[in-house]
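Listed below are the residues making up each chain.
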Amino acid sequence: MARRTKEQSCNIELSQESILIHAVELFREKGFRATSLEDVAARLGVTRPALYYYFKNKKEILMAAQRKAVEKVFNIEDILDDEALTVEEKFKRLLLNHVEVVGSNARFIAMYFEEEKELPKNDRRVKEYQSLRRQHTDTLIKLYRQGVEKGVFQDIDPRISVFTLLGACNWVYRWYRENKEYNPSQIANLIVNILGEGYLSPGPDRLTPIKQ
């Protein structure tokens, strides 16, 4: 990533959002532990004390990045509450949403997965994030079981199935880059099609691929 000049940095309007974005960039470049608040201030063209109005320390910045990731990934109530959707459709839409959010917010998702160990384990907010992750996984497992019962999903251990699918969805943040051949929505459709349909050529009895 190209370094910003001092003149470019000074044109950045200081706000909680701008600090968060540029701090997360540095965390990804150098790692959380190797990045200091002085580094963040220099990237923004301000002094370290100027950051204290918005964040009292580096871990507060990381906590804010975690919150943005959690809010986006686990905001699924509209899908779950839609009574017009079948179990299969809900499950597929949850996976689509998951991949699209991960692709669109890779910088924050990276902090969520790679720097979680840096967060205070007994912090109430951290425990809430962890609880939301478990609830999200449990929701998918429950839907998968329902799909098995209805005969639309393969009768494979629901936990292994969901962990495998989520692993593929989550890994997108490591390799996907915006402004390439596909946008996040298209990537989501491609990945969920592969996960749901497999990589073999579809036969007459296979499900209809998702259309963009």
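Q: Can you help me understand the side chain of K58 in this one?
A: Positionally, K58 belongs in helix α5 (residues 58-73). At 7.2 Å, E118 is the nearest oppositely charged side chain to K58, a buried residue that forms no salt bridge. Of note is the side chain of K58, whose polar atom sits 2.8 Å from the backbone oxygen of F32. Once residues within four sequence positions are removed from consideration, K58 is found in contact with F27, F32, R33, T35 and L37.

Q: Help me understand a positive patch on the surface, please; the structure alone is not making it clear to me.
A: On the surface, a cluster of positive charge is made up of R28, R107, R177 and K180. Tracing the backbone through its elements, the reader meets R107 in helix α8 (residues 106-114). Residue classification places R107 among the partly exposed residues on the basis of a relative accessible area of 34%.

Q: Help me understand the environment of W171 in this model?
A: Turning to its location among the elements, W171 is positioned in the loop between α10 (158-170) and α11 (172-175). For W171, a relative accessible area of 48% gives the class partly exposed. Sequence separation between W171 and A106 is 65 residues; the distance between their C-alpha atoms is 9.8 Å.

Q: Hey, could you run me through the confidence of the model for the chain in this one?
A: Keep in mind that low pLDDT regions are not for reading the predicted coordinates in detail. With 88% of its residues at a pLDDT of 70 or more, the chain has an overall mean of 84. Between residues 1-10, whose pLDDT stays under 50, and residues either more than four places distant or in other chains, the model counts 17 contacts.

Q: I keep staring at the pattern of salt bridges and nothing clicks. Help me out?
A: Opposite charge on two side chains makes pairing possible when the charged atoms of those side chains draw close. Per the stated rule, a full pass over the model turns up 12 salt bridges. Salt-bridge contacts for E118 lead to R33; the nearest nitrogen and oxygen are separated by 2.7 Å. With E118 in the loop between α8 and α9 (124-149) and R33 in the loop between α2 (16-30) and α3 (37-44), this pair connects stretches of sequence that are 85 residues apart. Under the relative-accessibility criterion, E118 is labelled buried at 7%. When its relative accessible area of 68% is taken as the criterion, R33 is described as exposed. One salt bridge in this structure joins E60 and R125, with 3.3 Å as the shortest N-O distance.

Q: I tried to follow the packing of α2 against α8 on my own but got confused; where do I start?
A: Packed helices, taken two at a time, are described by the angle between their axes plus the distance between the axes. Running from N to C, α2 and α8 cross one another at 60 degrees; their axes reach a closest spacing of 10 Å. In this view, α2 runs oblique relative to α8, as classed from their interaxial angle. Relative to α8, the crossing made by α2 is left-handed. In this structure, α2 contributes L20, I21, V24, E25, F27 and R28 to the contact, and α8 contributes A106, R107, F108, A110 and M111. For the contact of α2 with α8, the residue count by class is eight nonpolar, no polar and three charged.

Q: Can you help me understand the side chain of N170 in this one?
A: Secondary-structure assignment places N170 in helix α10. The buried category is assigned to N170, whose relative accessible area is 17%. Separated by 2.5 Å, the side chains of N170 and H98 make a polar contact. Every residue in contact with N170, bar those within four places of it in the chain, is listed here: H98, V102 and F113.

Q: Where do I start with the nonpolar core in this structure?
A: Inside soluble globular proteins, nonpolar side chains tend to come together where they are buried. Residues I61, F91 and V99 are the most contacted members of the largest nonpolar core, which totals 58 residues. Excluding residues that lie within four positions of it along the chain, F91 makes contacts with L140, L143, Y144, F153, V162 and L165.

Here is what the cut-offs are and how they apply
Residues numbered from 1 in each chain as written. Predicted model: local features only at pLDDT ≥ 70, side-chain atom pairs only at ≥ 80, totals over all residues. Heavy atoms only, no water. Helix = DSSP H or I, 4+ residues; strand = E, 2+ residues; numbered from the N terminus. Buried < 20%, exposed > 50% of the residue type's maximum accessible area, 1.4 Å probe, protein only. Lys, Arg positive; Asp, Glu negative; His and termini not counted. Salt bridge = Lys/Arg side-chain N within 4 Å of Asp/Glu carboxyl O. Polar contact = N/O pair within 3.5 Å; in protein donor to acceptor, adjacent residues only side chain to side chain. Contact = heavy atoms within 4.5 Å. Patch = residues over 30% accessible without salt bridge, like charges linked within 9 Å, V, L, I, M, F, W, Y side chains within 5 Å. Areas by Shrake-Rupley, 256 points an atom, 1.4 Å probe, with all protein chains shown as cover. Charge placed at Lys NZ, Arg CZ, Asp CG, Glu CD. pLDDT = per-residue confidence, 0-100. Axes fitted to C-alpha atoms, helices over the stretch in contact; angles between N-to-C directions. Parallel < 35°, antiparallel > 145°, perpendicular 65-115°, else oblique. Left-handed = near helix turned anticlockwise from the far one by under 90°. Nonpolar A, V, L, I, M, F, W, Y, C, P; charged D, E, K, R; others polar. Core = buried A, V, L, I, M, F, W, Y, C linked by side-chain atoms within 4.5 Å.

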